[in-house]
Each structure stands twice: as C-alpha cells, then as structure tokens.
Amino acid sequence: MQQKIRNIREQLLSDNWYTLKKYTFELQRRDGSWQEQQREAYDRGNGAVVLLYNRQKRSVVLTRQFRLPVFINGHHGFLIEAAAGLLDNASPETRIVAEAEEETGYRVQHIEKVMEAFMSPGSVTEKLYFFIAEYADDDRQSKGGGLADEGEDIEVLEWPLTQALSAIRSGEIMDAKTIMLLQYVAMNVHFEEPIPC
C-alpha cells in the first residue's frame, strides 16, 4: 500500500499509568490532497482475553470487577467479563494462561486462539488476542480473585452459557470482548447434553 501518512510528530502528554501522546501528521486524502490532522493515542500495550467453557456442564467462567472508566460514564462500574490482562512482554499464549489462573483460579492446559482485534482504534493502540479454553472442575487450583497488590478484587462466576447469553440481551453483560467470545462459543463449540441430576 502506498504511504499515505507523512510528517508524523509526537508530544508526550502523560506517562503516569501508561502513555498518552498527541500526534500531528499529514494524511493523504482519496483525492490526492494532503491534510494536517491531530489525534491523541493512549498506549497501554497489547492484551489477551480467554473465555473458559465446559461442554458437559454447558457453562462458562466469567469475572466481575470494578472498572472506573465505566463508572465515570454512568454505569455502576462492576463489569462482568472474561478473564483478561495485558501481555507485559510475554507471549499472548503464556500470558493468558497465567491470567486465567490469577483471575479465576482455573489452570487451563489447552487454549485455542480464535481472533485478534483492535477494540477502540480511534484512541487506544491496544490489540487484543482472543482465546477460548475448555475447563473441568479439577482444573480449579485456587479461588482466583486476581492480585491484591495490583488492586484487583475479582468475583468469579460460573454461569450456564444460556444465562450469559441472556445477560448480553438484558444489558447485564456490556463488555465488548466478553460479548464477542460468548457469541463465538455459542456459534462454534458443540456442547454435550446436560448431565441428568
């Protein structure tokens, strides 16, 4: 593809938590003219997310934790999500196995990568690596809950897949990455019939 961006200049606005920079650049428009533009971009690194599912129980493992930006935007702040975290210089596969155990207490052995996606490309540089992993009750190694020294206080939820899908429709689940993985699992994973009680 022909180079359509030139004269990129950057200005650091914040380096407190991650980095926020202001970029000035010229973008070549479709008519061939060049237009100067300015944008801010937040760089927090790339991340990974995994949805744990159990075929036999027809269930998924989710988490609930407080998210300040969501609270600021008028929500109560406690989002239901699939386990996720930043890569922190590890491979997506290595990081998500560790993150799943930290957050949910489940040590998964086999993960399957299903996609990569930019979640908020207008302002955030982060690319997410999406995984699914089958779990069994025996895979639970701890209560999970995240790392207290990182400010995490995570509630672990094991829900029937049907409940999770209904929670999307009702607005109880509003996290985009979680919605994407729940819909992927619903469409692509063959679940066994429930065990008779």
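Please read all numbers here as calculations on a predicted model, not as lab measurements.

Thresholds, definitions, all that
Residues numbered from 1 in each chain as written. Predicted model: local features only at pLDDT ≥ 70, side-chain atom pairs only at ≥ 80, totals over all residues. Heavy atoms only, no water. Phe/Tyr/Trp six-rings, centres within 6.5 Å; stacked < 30°, edge-to-face > 60°. Lys NZ or Arg CZ within 6 Å of the ring centre and 35° of its normal. Salt bridge = Lys/Arg side-chain N within 4 Å of Asp/Glu carboxyl O. Helix = DSSP H or I, 4+ residues; strand = E, 2+ residues; numbered from the N terminus. Buried < 20%, exposed > 50% of the residue type's maximum accessible area, 1.4 Å probe, protein only. 1 Å grid on protein atoms, 1.4 Å probe; cavity = no way out; pocket = protein on both sides within 12 Å on 5 of 7 lines; lining within 4 Å. Points joined across faces, edges and corners; volume = space filled by probe spheres on them. Nonpolar A, V, L, I, M, F, W, Y, C, P; charged D, E, K, R; others polar. Core = buried A, V, L, I, M, F, W, Y, C linked by side-chain atoms within 4.5 Å. Contact = heavy atoms within 4.5 Å. Pairing = 2+ DSSP bridges.

1. Points about the packing of aromatic side chains
Here is step 1: Tallied over the entire structure, the rule returns six aromatic pairs.
Here is step 2: Pairwise contacts between aromatic rings join Trp17, Tyr18 and Tyr42 into one cluster.
Here is step 3: The positively charged end of arginine 6 is found above the aromatic ring belonging to tryptophan 34, 3.9 Å away from the centroid.

2. Remarks on the pattern of salt bridges
Here is step 1: Counted by the stated rule, this structure contains 16 salt bridges.
Here is step 2: Glutamate 134 is paired through a salt bridge with arginine 55; the nearest N and O atoms lie 3.1 Å apart. In this pair, glutamate 134 is assigned in strand E9 (residues 127-134) and arginine 55 in the loop between strand E4 (47-54) and strand E5 (59-66), connecting sequence segments 79 residues apart.
Here is step 3: Assessed through its relative accessible area of 35%, glutamate 134 is described here as partly exposed.
Here is step 4: Under the relative-accessibility criterion, arginine 55 is labelled partly exposed at 25%.
Here is step 5: Through salt bridges that share partners, Arg67, Glu81, Asp175 and Lys177 make up one connected network.

3. Description of the layout of surface pockets
Here is step 1: If you add up the space inside the largest pocket, you get close to 1600 Å³.
Here is step 2: For the largest pocket, the lining is made up of 38 residues, of which Arg44, Arg67, Pro69, Glu81 and Lys177 are closest to its centre.
Here is step 3: Of all the secondary-structure elements, those providing two or more residues to the lining of the largest pocket are E5, helix H1 (68-72), strand E6 (78-81), strand E7 (83-86), helix H2 (92-104) and helix H4 (176-188).
Here is step 4: Looking at the lining of the largest pocket residue by residue, the classes come out as 18 nonpolar, six polar and 14 charged.
Here is step 5: Of the pockets and cavities examined, the second largest pocket occupies roughly 280 Å³.
Here is step 6: Lining of the second largest pocket is provided by 16 residues; of these, Tyr23, Arg39, Glu40, Ala41 and Thr125 occupy positions nearest its centre.
Here is step 7: Those elements giving two or more residues to the lining of the second largest pocket turn out to be strand E1 (5-14), strand E2 (19-28) and strand E3 (34-43).
Here is step 8: Ranked by the residues each element gives to the lining of the second largest pocket, the list is headed by E3, at five residues.
Here is step 9: Per-class residue counts for the lining of the second largest pocket are eight nonpolar, four polar and four charged.

4. Quick notes on the nonpolar core
Here is step 1: Counting 28 residues, the largest nonpolar core has Leu51, Leu62, Ile132, Ile173 and Leu182 as its most contacted members.
Here is step 2: At the level of elements, E4, E5, strand E8 (111-118), E9, strand E10 (155-160), helix H3 (161-170) and H4 are the ones that each hand at least two residues to this core.
Here is step 3: Setting aside its immediate chain neighbours within four residues, isoleucine 173 contacts Leu62, Ile80, Trp159, Ala164, Ala167, Ile168, Thr178, Ile179 and Leu182.
Here is step 4: By size, the runner-up hydrophobic cluster in this structure holds 14 residues, among which are Ala83, Ala100, Val108 and Tyr129.

5. Observations regarding the pairing of E7
Here is step 1: Side chains Ala83 and Gly85 of E7 all project onto a buried face; the interleaved residues Ala84 and Leu86 project onto the opposite face, where all are buried too.
Here is step 2: Bridging between E4 and E7 involves four bridges; their strand directions are antiparallel. Within E7, the residue paired with glycine 47 across the bridge is leucine 86.

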